[in-house]
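Residues per chain, in single letters:
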Amino acid sequence: MRKTAEKTARVLDSKLLYDGPIFGVRRDRVLEPGGIESTRDVVTHSGSVVVMPIFPNGDVLLIRQYRHSVKTFLWELVAGRIERGESALSAAKRELREETGYRARSYRKLLHLFPTPGFLSEYLDLFAAEGLTAGAATPEADEQITSRRVKPAELERLIRAGEMEDAKSVAGLLYYLHFLRK
């Protein structure tokens, strides 16, 4: 959908409630476009990247790691936060290398998404990474990551069966399966 020049909320007052290393929390008192005054708590975030490593035969590399907030292991695409002063493309290259050891000859931006726009300012830039070369992964100390190469038919089966639960990965993989592979 095309963005239009619509009227946005006017911030009447803003208060920083928390400023941490990964996210912050801000409380805004706003005058909504419809004229209603309301209070909005916003989780602020610098943005993230998602990387879909695609092999020449169409297979996609998934990673599996523990996600404490949901208390389970999830299969997902490579992803991570954009560091201060870092471009989305640089972050995508760094995350692919750290989490999988792979390097890619080419990157193509596929999507710009807001995962939870009701209260979170984070955006996700999703890249396809192609021309892959294997190498040694260098995950952070708290990251226990395993990876698996998955065929397109298996990706679709995982999504249909509800076994793929990570929203950014489901969105990216469906985009790949239904728009890029046609």
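Because the structure is a prediction, the values reported are computed rather than measured.

Rules behind the numbers
Residues numbered from 1 in each chain as written. Predicted model: local features only at pLDDT ≥ 70, side-chain atom pairs only at ≥ 80, totals over all residues. Heavy atoms only, no water. Salt bridge = Lys/Arg side-chain N within 4 Å of Asp/Glu carboxyl O. Helix = DSSP H or I, 4+ residues; strand = E, 2+ residues; numbered from the N terminus. Buried < 20%, exposed > 50% of the residue type's maximum accessible area, 1.4 Å probe, protein only. Expected span 1.5 Å × (residues − 1). Contact = heavy atoms within 4.5 Å. Pairing = 2+ DSSP bridges. Axes fitted to C-alpha atoms, helices over the stretch in contact; angles between N-to-C directions. Core = buried A, V, L, I, M, F, W, Y, C linked by side-chain atoms within 4.5 Å. Phe/Tyr/Trp six-rings, centres within 6.5 Å; stacked < 30°, edge-to-face > 60°. Lys NZ or Arg CZ within 6 Å of the ring centre and 35° of its normal.

Chemist: For this particular structure, what's the right way to read the pattern of salt bridges?
Modeler: Oppositely charged side chains can pair when the atoms bearing their charge come close. Applying the stated criterion across every chain yields a total of 19 salt bridges. One salt bridge in this structure joins Glu-76 and Arg-67, with 2.6 Å as the shortest N-O distance. Note that Glu-130 is salt-bridged to Arg-108, the shortest N-O span being 3.3 Å. Placement of the pair is Glu-130 in strand S9 (residues 124–133) and Arg-108 in strand S8 (residues 103–113), with a sequence separation of 22 residues. On the accessibility criterion, Glu-130 (26% relative accessible area) is partly exposed. For Arg-108, a relative accessible area of 38% translates into the label partly exposed.

Chemist: I tried to follow helix H1 (residues 88–100) on my own but got confused; where do I start?
Modeler: Given 3.6 residues to a turn, an α-helix orients residues that are three or four positions apart in the same direction. With 13 residues, H1 ought to run about 18 Å at 1.5 Å a step, and its terminal C-alpha atoms sit 18 Å apart, in line with that. For H1, every residue scored as buried is listed here: Ala-88, Ala-91, Ala-92, Arg-94, Glu-95, Leu-96, Glu-98, Glu-99 and Thr-100. In this fold, the buried residues of H1 make contact with strand S4 (48–53), strand S5 (60–67), strand S7 (78–81), S8 and S9. Just past H1, the residue Gly-101 takes up positive phi, approximately 85°.

Chemist: What exactly am I supposed to notice about the sheet that holds strand S10 (residues 146–150) here?
Modeler: Strand pairing in a sheet is mediated by backbone hydrogen bonds. Such pairs are either parallel or antiparallel. Reading across the sheet, the 3 strands line up as S6-S5-S10 and stay open at both edges, with antiparallel pairing between neighbours. Only two strands of the sheet have a single neighbouring strand rather than two, namely strand S6 (72–76) and S10. The average undirected angle you get between the axes of adjacent strands in this sheet is 25°. Where S5 lies against S10, 5 bridges are found, and the strand directions are antiparallel. Counterpart to Val-60 in the pairing with S10 is Val-150.

Chemist: Where do I start with the nonpolar core in this structure?
Modeler: Where a protein is soluble and globular, its nonpolar side chains tend to be buried together. Counting residues in each nonpolar core, the largest one holds 21 residues, and the members touching the most others are Met-52, Val-60, Leu-62, Leu-77 and Leu-173. Among the elements of the structure, S4, S5, S8, S9, helix H2 (152–160) and helix H3 (167–180) are those that each provide at least two residues to this core. For this core, the element with the most residues is H3, which contributes 4 residues. Val-51, Ile-63, Leu-96 and Phe-127 belong to the second largest nonpolar core, which has 17 residues in total.

Chemist: Is there a simple way to think about the packing of aromatic side chains in this case?
Modeler: The geometry of an aromatic ring pair comes down to the distance between the two centres and the angle between the two planes. As enumerated under the stated definition, the model contains 4 aromatic pairs in all. Centroid distance Tyr-18 to Phe-23: 5.6 Å. Interplanar angle 50°. Geometry classified as tilted. Arranged with centres 5.7 Å apart and planes meeting at 80°, the rings of Phe-55 and Tyr-102 form a pair that is edge-to-face. Taken together, the residues span a long stretch of sequence, with Phe-55 in the loop between S4 and S5 and Tyr-102 in the loop between H1 and S8 at a distance of 47 residues. This pair shows no difference in class: Phe-55 is buried, exactly as Tyr-102 is. Above the face of the Trp-75 ring, Arg-148 is positioned so that its terminal group lies 5.3 Å from the ring centre.

Chemist: Can you walk me through the pairing of strand S1 (residues 10–19) in this structure?
Modeler: Residues in a regular strand project their side chains so that they alternate between the two faces of the sheet. Pairing of S1 with strand S2 (residues 24–31), which is carried by 8 bridges, proceeds in the antiparallel orientation. Each bridged residue has a counterpart across the sheet, and for Ser-14 the counterpart in S2 is Asp-28. Turn length for the S1-S2 hairpin, with the two strands adjacent in sequence and antiparallel, is 4 residues.

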